[in-house]
Amino acid sequence: MLKPVALIAAALALSAVAPRPAAHVFQPGHIDLERGPDGNTVILDAPQGLVVVDTGRHPEHAQAVLDHPRKVGKPVVAVVNTHWHLDHSTGNRDLFAIYPKARLIASDAASGALSGFLAKGREAARQRLADPKTPAADRARIARAQALLDDRPALVPADPVVQSGPVMLGGRRLVVNLARNAATEGDLWLLVPDEQLAVVGDLVVAPLPFFDTACEEGWAEALNAIARARWTTLIPGHGAPMSRKAFNRWHKAYTRYVDCAHSSATPQACAAQWQADAAGFYTPAERDDVGMMARYYVAEVLRAPADKRMAYCRTAA
Ligand SMILES: [Zn+2]
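Residues numbered from 1 in each chain as written. Predicted model: local features only at pLDDT ≥ 70, side-chain atom pairs only at ≥ 80, totals over all residues. Heavy atoms only, no water.

### A short note on the overall build of the protein chain
Assigned secondary structure in the protein chain consists of 12 helices and 10 strands. Computed over C-alpha atoms, the radius of gyration of the protein chain comes to 21 Å, within 12% of the 20 Å expected from 2.2 N^0.38 for 317 residues, which places it in the range of a compact globule. Its C-alpha atoms put the protein chain at 80 × 50 × 40 Å along the principal axes. For the protein chain, contacts bridging at least 24 residues in sequence account for 65% of all contacts bridging at least 6. (Helix = DSSP H or I, 4+ residues; strand = E, 2+ residues; numbered from the N terminus. Rg over C-alpha atoms; globule rule 2.2 N^0.38 Å. Contact = heavy atoms within 4.5 Å.)

Structure below.
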């Protein structure tokens, strides 16, 4: 019989051959308003492989994500997009190039976006690529995004998620929740029951909620559902993982900001309120940009004429 020390040595030797992957790995994104942010990525270990939740925008982020399966010697079996925004999905192509059998788990919202919001962006991008004055670095970024939009199967799943419920991915049980008309027309958020983890994409986001493709009522419903769910750690779409206490503070700040936008208060007052309520969810260097964006969303989006707002809230009623 082996002595305990020998047993430990044997276990260490085994672990040196095949390091046991962490149950989840957090790959933080970056907020860079100049060149566009990367969303956070979470890589879940499953018995039959890895499940990658969101893939970032830039090649450096996708590469950091791809280093993990290589390190632990397991394939990527599924890519989950919490939503189609390009800072969460552009890396899809890099992953599918190496793991072509991986399943894409997403809502059908990208399909609508390709003929709506993204179609407008594509025309602007085409013009910038045609302009000889566009700097080379910008050109590379634009071309990378265009390549994703031209590769529909990398963004739009053949079998989209149409309702909430438990799923087995790679042999691990997860709960996939669908939030209609929230940050986009169809957002997914995940519960990982065996870790008491919630991965929620941009339904919770630093430094402020992005309302460009959002419906504030559907979003508020999604936040209430997240608040009711069982979890102890929440990973937002951008920014650091949150405790329940931090989430509650963010949730309250969201509610007060939207209430302010629907009141007669000035956009400046609503922005100042967000800056105060959400202190700590943005850095001091981001404060002015956060104030500017918070004013913009009140004046130009949340108070836009009803027909414009209905573009995102139309099926919520
Ligand atoms: Zn994002």
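### Looking at the sheet that holds strand β1 (residues 24–27)
Strand pairing in a sheet relies on backbone hydrogen bonds, with the paired strands running either antiparallel or parallel. Here we have five strands laid out as an open sheet, ordered β1-β2-β3-β4-β5, and mixed in their pairing. For this open sheet the edge positions go to β1 and β5 (103–105), each flanked by a neighbour on one side alone. Strand after strand, the sheet turns through a mean of 20 degrees between neighbouring axes, direction not considered. The pairing of strand β4 (residues 76–80) with β5 spans three bridges and is classified as parallel. By the bridge assignment for β5, V80 is matched with I105. (Pairing = 2+ DSSP bridges. Axes fitted to C-alpha atoms, helices over the stretch in contact; angles between N-to-C directions.)

### Things to note about the nonpolar core
Core analysis: the largest hydrophobic core is formed by 45 residues, its most contacted members being L203, F211, W219, I226, L234, W250 and Y257. Breaking this core down by element, the ones donating at least two residues are β7 (172–180), β8 (186–192), β9 (197–205), α8 (216–228), α9 (244–261), α10 (267–277) and α11 (287–302). Counting residues per element, this core draws most heavily on α9, which supplies eight residues. Not counting residues up to four positions away in its chain, the partners in contact with L234 are A198, V200, V204, I226, P241, M242 and F247. By size, the runner-up hydrophobic cluster in this structure holds 26 residues, among which are L95, L104, A110 and A113. (Core = buried A, V, L, I, M, F, W, Y, C linked by side-chain atoms within 4.5 Å. Buried < 20%, exposed > 50% of the residue type's maximum accessible area, 1.4 Å probe, protein only.)

### Details of the state of the cysteines
Scanning all chains against the criterion turns up one disulfide. C260 shares a disulfide with C270; S-S distance 2.1 Å. The S-S bond linking C260 to C270 shows a torsion near -85 degrees; that makes this disulfide left-handed. In this pair, C260 sits in helix α9 while C270 sits in helix α10, placing the two residues 10 residues apart along the sequence. For the residue pair C260 and C270, the accessibility class agrees, reading buried in each case. (Disulfide = S-S within 2.5 Å.)

### Some words on the coordination of the zinc ion
Only D87 (OD), H88 (NE2), D202 (OD) and H238 (NE2) from the protein coordinate the zinc ion, and they sit 2.1 to 2.3 Å from it. Angles of 82 to 158 degrees at the metal separate the four donor atoms of the zinc ion, which places the site in the irregular class. On the primary sequence, the residues serving as donors to the zinc ion are separated as D-H-x113-D-x35-H. Remark: D202 occurs in strand β9 and D87 occurs in helix α3 (residues 86–89); sequence separation between them is 115 residues. Each member of the pair, D87 together with D202, is buried. (Donors = N, O, S within 2.8 Å, 3.2 Å for Na, K, Ca; no water. Tetrahedral: all angles 85-135°; square planar, octahedral: opposite > 155°, others 65-115°.)

### Things to note about helix α12 (residues 306–313)
Listing the buried residues of α12 in full gives R309, Y312 and C313. Viewed along the axis of α12, the buried residues span an arc of 90 degrees, placing them on a single side of the element. Facing away from the buried side of α12, by more than 90 degrees, are the exposed residues D307 and K308. Looking at the buried side of α12, the elements it contacts are α6 (117–130), α8 and α11. (Arc of directions from axis to C-beta.)

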